[in-house]
Amino acid sequence: MERRLAAILAADVVGFSRLTEANEEGTVTRLKELRSEIIHPEIAEHRGRVVKLMGDGALVEFASVVEAISCAVTVQRDVAAYNAELSEDDRIEFRMGINLGDIVVEDDDIYGDGVNIAARLEALADPGGICISGTAFDQVKTKFGAGFESLGALKVKNIAEPVRAYRVLLGPEDAGKVVGVARPVLARWLPTAITFAILALVGGAFGIAWQKPWASNQEQVPVASSALPLPDKPSIAVLPFANMSGDMEQEYFADGMTEDIISDLSDFGLFFVISRNSSFAYKDVSVDIKDAARELGVQYILEGSVRKSGDSLRITARFVDALADKHIWAERYNRELQEIFQVQDEITQRIVTSVAPEYLSAELKRAQRMETHNLDAWDAFMRGYWHLLRYTKDDNAKAQQFLRQAIDLEPNQANSHSVLAVTYLMDGFFGWSESREESFQEALLSAERGLALDSQDSQALRSIGLVHFFSNNHDAALGYYERAVAANPKEAENLALLGAALGVAGKYDAALEQYEAAFRLSPRDVHIATWYGYLSIAAFVAGLDEEAVGWARKAVEANPQFPGGYRTLAASAGNLGQFAEAEAARGKLLELLPHLTIAQLRENLPYFKNTGDLERYLDGLLKAGLPEGTTE
């Protein structure tokens, strides 16, 4: 058995089945043209060897990883130029993955983990993009004129150890740039505990898709490709405050500081404030302030850091007008721990006085939400919240422990009861409790307690709405979501959940309106793939299968590891008779959820208010080839 070290490039055409179904002859002609005029000449120029062509894919071996990446970058740029003259429906885009590793050679073919990792990285790349392994990056980081963004260590299929991965940044302005480790979106830092359940809605059957949190290390946060128009009022994004204590145990504290400032600013009707979901997309990521402002479509950015040592605090804050490229103010606060709420007030008021001094009137006061002034209760709540977002059985139990402690210390805080309700929902979703029904009942009781304490708290309203939605009480859920939006129409989570409920009720246009507003409030939302998934369900229920296919394609492009997108794509394409795409989507779905069956989905899917819609959905999946299974 011959072995050698090699750089492997795996490439695949994005949406090839869709392209060939729409125009088989034209697609094949364009693919041949791209291969003969761009791809193969560049491979030869960079001394590569085409190991094999696989219909719409290719496997190429290089002796040098520098040559492999240089070839890939040139090809992707040239293909983009080629596509610029074509309509969007006719463009052929490639995903590429590159790995440097050990391979097994047999005749002219190659095998082994070195090849497998390249193929897995290709699946993680954006359309028109390149994803490389850490071993490849280590060889080229100082030798290559491109930029790189770390995606962290990802768990990929059939590879025992997590693989370090990097996205290649192709823009000329990115040359030499290395962006820090991107956070694992679902593993650590979802900004609002309630929005965890948004993923559950579109993730698949509760007892099936949630046995393994499939997106814990792989959901990709989309990057805005162009500047968004500024709103007609002062627009602000608060980036996550950095934890400077050197103690991971204090992460909850820095995150809590950021959360509170976002909430305070949101309560002033004067401002357009970017959702915490999009703000937290920048956690642990080195980012240029002007780039962040452009991507989020805001004029002002607040960033800062927190250092907590014993009972002492040092908080820094910097407020920037990114549009004018100037600092407005910077402050350092050295305070005692119990003064944290006063510091939050001071930062909020400094922003208000800097941006709109005419707003200084009787209305300038502490946000009117029911704020806790018991520091121990706040600390217990934030610790519980932090454990909740780690998504393990043990952490969920710890979250419940801290949240109950917060309630004991401050029993009249609606948010503590509402977030506790989410922990019970998770127990039921994951099968972490002995009885799903009892967990749902506990969730309902906690949510009702929160709502009784504050009937206008949007988080409490969302929480009880989620319990009803997952219990298939869709009309009740819709009513609570409508109340949540009325209580706070500036929270993207409220709009997204209302859009989901409207979609289930067959009100597609109304659902689309809610999502358009949510997209603007949270343009880099960590749940962007699931929002597309909601819209695909809404279109399906409305009988708009073509539009359902379109939204489902967007969902899987935003996150290739998202089962819900493939499921609706398979169902809608199956019902349209687009069997090539339906079967391909079904294949991807079963890669992510190998034991999924029609019978299991019939028992567990919560989306469909009418049985007829569910059966039509399942019929489409059956046409796509999903096994019938059994309910026993």
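In this text the structure is predicted, and so the values were computed from the model without any measurement.

Chemist: What am I meant to see in helix α22 (residues 579–592) here?
Modeler: Owing to its 3.6 residues per turn, the α-helix aligns residues three or four sequence positions apart on the same side. Its 14 residues place the ends of α22 20 Å apart at the C-alpha level, agreeing with the 20 Å of an ideal helix rising 1.5 Å per residue. Those residues of α22 that are buried are in contact with α1 (16–45), α20 (545–558), α21 (563–576) and α24 (611–624).

Chemist: I tried to follow the side chain of Glu581 on my own but got confused; where do I start?
Modeler: Topologically, Glu581 is positioned in helix α22. Residue classification places Glu581 among the buried positions, given a relative accessible area of 7%. Among all residues touching Glu581, those that are not within four sequence positions of it are Ser17, Arg18, Glu21, Val549, Arg553 and Leu569.

Chemist: Help me out: how do you make sense of the packing of helix α17 (residues 492–504) against helix α18 (residues 508–521) in this one?
Modeler: For any two helices packed against each other, the geometry comes down to the angle between their axes and how far apart the axes lie. Where α17 contacts α18, the two axes come as close as 8 Å, and the packing angle between them is 160 degrees. Taken together, the axis directions place α17 and α18 in an arrangement best described as roughly antiparallel. As α17 packs across α18, the resulting crossing turns out to be left-handed. Across from Ala492, Leu495, Ala496, Leu498, Gly499, Ala500, Leu502 and Gly503 in α17, the residues of α18 making contact are Ala510, Ala511, Gln514, Tyr515, Ala517, Ala518 and Leu521. Here the residues of the contact of α17 with α18 are counted per class, giving 12 nonpolar, 3 polar and no charged.

Chemist: What is the right way to look at the nonpolar core in this model?
Modeler: As a rule of thumb, nonpolar side chains are buried together in soluble globular proteins. Formed by 140 residues in total, the largest nonpolar core has its most connected members in Leu302, Ile347 and Ile351. In terms of residue count, helix α19 (residues 528–541) provides more of this core than any other element does, 11 residues in total. The residues touching Leu302, leaving out its near neighbours within four places in the chain, are Ala237, Val238, Leu239, Phe241, Ile261, Ala317, Arg318, Phe319, Trp329, Ile347 and Ile351. Within the second largest apolar cluster, 36 residues are counted, among which are Ala11, Phe16, Leu19 and Ile92.

Chemist: I would appreciate a short explanation of the pattern of salt bridges in the present structure.
Modeler: When charged atoms on two side chains of opposite charge get close, those side chains can pair. Per the counting criterion, the structure on display carries 21 salt bridges. Here Asp102 makes a salt bridge to Arg3, at a shortest N to O gap of 2.8 Å. Of this pair, Asp102 sits in strand β4 (residues 94–106) while Arg3 sits in strand β1 (residues 2–13), and the two are 99 residues apart along the sequence. Residue Asp102 is classed as partly exposed on the basis of its relative accessible area, which comes to 38%. Arg462 serves as the salt-bridge partner of Glu491, at 3.4 Å between the closest nitrogen and oxygen. Placement of Glu491 in the loop between α16 (474–487) and α17 and of Arg462 in helix α15 (residues 458–470) is noted, with a sequence separation of 29 residues between them. The exposure class of Glu491 is buried, given its relative accessible area of 13%. Connected via shared salt-bridge partners are Glu2, Arg4, Arg49 and Glu61.

Chemist: It is not clear to me how the packing of aromatic side chains should be interpreted in this structure. Could you clarify?
Modeler: Aromatic ring pairs: the centre-centre distance and the angle between the two ring planes describe each pair. Evaluation of the coordinates by the stated rule reveals 15 aromatic pairs. Ring pairing ties together the aromatic residues Tyr515, Phe519, Trp531, Tyr532, Tyr534 and Trp551, which thus form one cluster. The lysine or arginine in question, Lys308, covers the ring of Phe253, its NZ or CZ lying 5.7 Å from the ring centre. Just above the ring of Phe540 sits the side chain of Arg616; from NZ or CZ to the centre is 4.0 Å.

Chemist: Just checking my understanding: could you explain helix α11 (residues 375–388) for this structure?
Modeler: Under the 1.5 Å per step criterion, the end-to-end length of α11 is 20 Å for 14 residues, consistent within 8% with the ideal 20 Å. Burial of α11 is extensive: 12 of the 14 residues sit out of reach of the surface. Within α11, burial applies to Leu375, Ala377, Trp378, Asp379, Ala380, Phe381, Met382, Gly384, Tyr385, Trp386, His387 and Leu388.

Chemist: What am I meant to see in a negative patch on the surface here?
Modeler: On the surface, a cluster of negative charge is made up of Asp509, Glu513, Glu516, Glu546 and Glu547. Elements that contribute at least two residues to the negative patch include exactly α18 and α20. Counting residues per element, the negative patch draws most heavily on α18, at 3 residues. Within the secondary structure, Asp509 sits in helix α18. Classification of Asp509 as exposed rests on a relative accessible area of 61%.

Chemist: Mind showing me how you'd approach the pairing of strand β7 (residues 147–154) here?
Modeler: When a strand is regular, its side chains alternate between the sheet's two faces. β7 sits mainly inside the fold: 7 of its 8 residues count as buried. Here 7 bridges tie β7 to strand β8 (residues 163–169), and the two strands are oriented antiparallel to one another. The residue of β8 that forms the bridge with Ser150 is Tyr166.

Calculation notes
- Residues numbered from 1 in each chain as written.
- Predicted model: local features only at pLDDT ≥ 70, side-chain atom pairs only at ≥ 80, totals over all residues.
- Heavy atoms only, no water.
- Helix = DSSP H or I, 4+ residues; strand = E, 2+ residues; numbered from the N terminus.
- Expected span 1.5 Å × (residues − 1).
- Contact = heavy atoms within 4.5 Å.
- Buried < 20%, exposed > 50% of the residue type's maximum accessible area, 1.4 Å probe, protein only.
- Axes fitted to C-alpha atoms, helices over the stretch in contact; angles between N-to-C directions.
- Parallel < 35°, antiparallel > 145°, perpendicular 65-115°, else oblique.
- Left-handed = near helix turned anticlockwise from the far one by under 90°.
- Nonpolar A, V, L, I, M, F, W, Y, C, P; charged D, E, K, R; others polar.
- Core = buried A, V, L, I, M, F, W, Y, C linked by side-chain atoms within 4.5 Å.
- Salt bridge = Lys/Arg side-chain N within 4 Å of Asp/Glu carboxyl O.
- Phe/Tyr/Trp six-rings, centres within 6.5 Å; stacked < 30°, edge-to-face > 60°.
- Lys NZ or Arg CZ within 6 Å of the ring centre and 35° of its normal.
- Patch = residues over 30% accessible without salt bridge, like charges linked within 9 Å, V, L, I, M, F, W, Y side chains within 5 Å.
- Areas by Shrake-Rupley, 256 points an atom, 1.4 Å probe, with all protein chains shown as cover.
- Lys, Arg positive; Asp, Glu negative; His and termini not counted.
- Charge placed at Lys NZ, Arg CZ, Asp CG, Glu CD.
- Pairing = 2+ DSSP bridges.

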